[in-house]
Amino acid sequence: MFPDSNSRSAALFGRAQQVMPGGNTRLQVHFPPHALYVSRGSGCRIEDVDGNSYLDFINNYMTLIHGHAQPDVVRVLGEQAARGTCFAFPTESEIALAELLCGRVESFDSIRFCNSGSEAVMFAVKAARAHTGRPMIAKCEGAYHGAYDAVEVSFDTHPDRWGNRPARVAYSRGTPEKTMQDVVVLPFNRTQESLDILAGYTETLAAIVIDPMPPRVGFVQAHRAYLEALRAFADRHGVVLIFDEVACFRCGYGGMQGEVGVRPDLTTLGKIIGGGMPIGAVAGRREVMAVFDPSHGKPAAPHSGTFVANPMTMVAGWQAMELLTREALERLAGLGTRFRDRVTAAFEESGSSGQVTGYGSLWKLHMNRRRFIDFRSVYADEDERARMGDLYLRMVNRGFLMGSTGLIALSTAMGEEDIDAFAEALLSALRDARDGVPAAA
Ligand code: PMP
């Protein structure tokens, strides 16, 4: 049973507390009273240090599209490790991954790599500023774009601070007012309101950063008309339109932009394209990407980094993406549809107030039946959060791992039987919650 104060996980957490603030080095995996420590993963299964086995429906928050320790990825990593893990020189492996990605997505004339999604967004914003000579960026309320100061603004705003038009609210205490002033906050999916706000910044805006299906906005999809309106505004005023596809790139062979049919100037990538190794990337239109070009002296936006395009990441990323064929993605989308249908049926059968949103292999459970459009309509109140926390525990104790806010990322290592097993466990968990059976004995 989790949590268990006599478990090896609890003992390890005790050790961690001696050397890390709160025993934690990644907020997202903090879980009171103690974290669950993992010993190994294979395919869609994870084992914890106490020997419990789980089906993994998080896949390192949307990263491992083929599950854990995919044999081909393990092989190329082993071969590369034996040849050396990083050099102060480029390797052929970075060209191969760049060719693969640019070959798949129409808007990718060229690409540059970095080490995380946060860095990708940071470099995309720098590129937009260097290209336009303007300081400001627009982003949507509630959308997460990584740990870069400016894009953290208003991603986690409490209703007390919402305001009529989305207010600028710092995420981290001490964020400089100057940084905040450079950010324009838009109401996701609300076209006219967003255009009215943007109209005040036609001369000063460098970029609009938008995730076409933001995890923190509950995997609600940006309406095509909304993205088209932003595209038209960006064209009219020389603003760089950036799609943050760090999470949702896995939703189509040509990314989410291929599914919605709107073409950004720049795209930020991460997660799946590293095959389980740390990665980020900025890709896009040649004229904008040219700000990184060092061949004519110091670039307008210099970009470097000790581990950028290291061959371990490049070979793992190439192998994982090579395995992600159109057929593999189609099969995964089929599992996604099955997941949506089975989970919806479980909510209905249990009589619980709940629903599932998402697309492709990314899904989110919600403990309400509201109609979603934006961050505010998705925002879970205290009661919904408590019920989700309770459901999370019940699922862990049935051997299923999902994000503690109900986030689900499927993998190609799964089969229909795994989806059905999840839905069965969900139904039993929801019934027990309804009947007042304790979540953890
Ligand atoms: N953008 C989006 C849409 C994300 O989901 C994330 C991470 N969840 C990031 C950026 C940041 O990526 P990383 O954690 O690799 O820095």
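These figures come from a predicted structure and were not determined experimentally. (Residues numbered from 1 in each chain as written. Predicted model: local features only at pLDDT ≥ 70, side-chain atom pairs only at ≥ 80, totals over all residues. Heavy atoms only, no water.)

## Re the overall build of the protein chain
And then number 1: The number of helices and strands found in the protein chain is 16 helices and 14 strands.
And then number 2: Taking 2.2 N^0.38 as the reference for a compact globule, 441 residues should give roughly 22 Å; the C-alpha atoms of the protein chain span a radius of gyration of 22 Å, in line with that estimate.
And then number 3: Counting only C-alpha atoms and orienting by the principal axes, one finds that the protein chain spans roughly 65 × 60 × 45 Å.
And then number 4: Residue burial in the protein chain is summarised as follows: out of 441 residues, 54% are buried.
And then number 5: Long-range pairs, those at least 24 residues apart, make up 70% of the contacts in the protein chain between residues at least 6 apart in sequence.
And then number 6: Of the accessible surface of the protein chain, which amounts to about 19100 Å², a share of 50% is contributed by carbon and sulfur atoms.
And then number 7: Placing the 45 positive and 51 negative side-chain charges of the protein chain at their respective mean positions leaves the two points 3 Å apart. (Helix = DSSP H or I, 4+ residues; strand = E, 2+ residues; numbered from the N terminus. Rg over C-alpha atoms; globule rule 2.2 N^0.38 Å. Buried < 20%, exposed > 50% of the residue type's maximum accessible area, 1.4 Å probe, protein only. Contact = heavy atoms within 4.5 Å. Areas by Shrake-Rupley, 256 points an atom, 1.4 Å probe, with all protein chains shown as cover. Lys, Arg positive; Asp, Glu negative; His and termini not counted. Charge placed at Lys NZ, Arg CZ, Asp CG, Glu CD.)

## A short note on the pairing of strand β12 (residues 362–366)
Looking along a regular strand, one sees the side chains alternate between the two faces of the sheet.
And then number 1: Burial analysis of β12 places five of its five residues in the buried class, which makes it a mostly covered element.
And then number 2: Covered by surrounding structure in β12 are Leu362, Lys364 and His366 together with Trp363 and Leu365, the residues of both alternating faces.
And then number 3: Of the strand pairs in this sheet, strand β11 (residues 355–359) and β12 are connected by five bridges, and their pairing is antiparallel. Within β12, the position partnered with Gly358 by the bridge is Trp363.
And then number 4: Hairpin connection of β11 to β12: two residues between the antiparallel strands, including Gly360 at a positive phi of 65°.
And then number 5: With three bridges joining them, β12 and strand β14 (residues 407–409) adopt antiparallel strand pairing. Within β14, the position partnered with Lys364 by the bridge is Leu407. (Pairing = 2+ DSSP bridges.)

## Details of the packing of helix α3 (residues 71–83) against helix α12 (residues 311–323)
And then number 1: Packing of α3 against α12 brings their axes to within 9 Å, and their N-to-C directions diverge by 155°. Considering their axes alone, α3 and α12 lie roughly antiparallel with respect to each other. Once α3 is placed against α12, the crossing between them reads as right-handed. Packed against α3, whose contacting residues are Asp72, Val73, Arg75, Val76, Leu77, Gln80 and Ala81, the element α12 presents Pro311, Met312, Val315, Ala316, Gln319, Ala320 and Leu323 at the interface. (Axes fitted to C-alpha atoms, helices over the stretch in contact; angles between N-to-C directions. Parallel < 35°, antiparallel > 145°, perpendicular 65-115°, else oblique. Left-handed = near helix turned anticlockwise from the far one by under 90°.)

## Observations concerning the site of the ligand
And then number 1: Near the ligand, the surroundings consist of Ser116, Gly117, Ser118, Tyr144, His145, Gly146, Asp211, Pro215, Asp244, Val246, Ala247 and Lys271.
And then number 2: A distance of 2.8 Å separates an oxygen atom of the ligand from a polar atom in the backbone of Gly117.
And then number 3: Between a nitrogen atom of the ligand and a side-chain N or O atom of Lys271, the distance comes to 3.0 Å.
And then number 4: Protein contact buries 84% of the 390 Å² of open area that the ligand shows by itself.
And then number 5: Broken down by class, the residue content of the shell around the ligand amounts to four nonpolar, five polar and three charged. (Near = heavy atom within 4 Å. Polar contact = N/O pair within 3.5 Å; in protein donor to acceptor, adjacent residues only side chain to side chain. Nonpolar A, V, L, I, M, F, W, Y, C, P; charged D, E, K, R; others polar.)

## Things to note about the nonpolar core
And then number 1: Within the largest apolar cluster, 70 residues are counted, with the highest numbers of intra-cluster contacts made by Phe339, Leu365 and Phe422.
And then number 2: The residues touching Leu365, leaving out its near neighbours within four places in the chain, are Phe339, Val343, Phe347, Gln355, Val356, Met388, Leu391, Met402, Thr405, Gly406, Phe422 and Leu426.
And then number 3: In this structure, Ile197, Leu198, Ile208 and Val262 belong to the second largest nonpolar core, which totals 30 residues. (Core = buried A, V, L, I, M, F, W, Y, C linked by side-chain atoms within 4.5 Å.)

## Some points on the side chain of His303
And then number 1: Relative to the elements of secondary structure, His303 occurs in the loop between α11 (286–289) and α12.
And then number 2: Only 2.8 Å separates the side chain of His303 from the side chain of Arg112, close enough to count as a polar contact.
And then number 3: Once residues within four sequence positions are removed from consideration, His303 is found in contact with Arg112, Phe113, Cys114, Phe123, Phe292 and Val308.

## Concerning the pattern of salt bridges
And then number 1: In this structure the tally under the stated criterion is 20 salt bridges.
And then number 2: Between Arg338 and Asp420 there is a salt bridge, and its shortest N-O distance comes to 2.8 Å. You can see Arg338 sitting in helix α13 (residues 326–350) and its partner Asp420 sitting in helix α16 (residues 416–434), a full 82 residues away along the chain.
And then number 3: Linking Asp435 and Arg434 is a salt bridge whose minimum nitrogen-to-oxygen distance equals 3.0 Å.
And then number 4: Salt bridges sharing partners connect three or more residues here, namely Arg231, Asp235, Asp265, Arg285 and Glu287. (Salt bridge = Lys/Arg side-chain N within 4 Å of Asp/Glu carboxyl O.)

## Description of the sheet that holds strand β9 (residues 266–270)
And then number 1: Pairing is mixed across the open sheet formed by seven strands, whose spatial order is β4-β10-β9-β8-β7-β5-β6. Whereas interior strands pair on both sides, the edge strands pair on one side only; in this sheet they are β4 (110–114) and β6 (183–186). For this sheet, the mean inter-axis angle between neighbouring strands, taken without regard to orientation, is 20°.
And then number 2: Note: strand β7 (residues 205–210) against strand β8 (residues 240–244), four bridges, orientation parallel. Within β8, the position partnered with Ile210 by the bridge is Phe243.

## Digging into the sheet that holds β12
And then number 1: Ordered by their spatial adjacency, three strands build an open sheet running β11-β12-β14, and the pairing between neighbours is antiparallel. Edge positions in the sheet fall to β11 and β14, since each has one partner strand and no second. Along the sheet, successive strands turn relative to each other by an average axial angle of 20°, direction set aside.

## Details of the packing of aromatic side chains
And then number 1: Counted under the stated rule, the structure contains 14 aromatic pairs.
And then number 2: Judged by centre distance (4.6 Å) and plane angle (40°), the ring pair of Phe57 and Phe422 falls under tilted. Note that Phe57 is positioned in the loop between β3 (53–56) and α2 (59–62) and Phe422 in helix α16, a separation of 365 residues in sequence.
And then number 3: Put simply, the rings of Phe57, Phe339, Phe400 and Phe422 pair up and form one aromatic cluster.
And then number 4: The ring of Tyr144 has Arg216 sitting right over it, with the charged end atom 4.9 Å from the ring centre.
And then number 5: Seen from the ring of Tyr379, Arg385 lies directly overhead, with NZ or CZ sitting 4.9 Å from the centre. (Phe/Tyr/Trp six-rings, centres within 6.5 Å; stacked < 30°, edge-to-face > 60°. Lys NZ or Arg CZ within 6 Å of the ring centre and 35° of its normal.)

The analysis is restricted to geometry; functional conclusions fall outside its scope.
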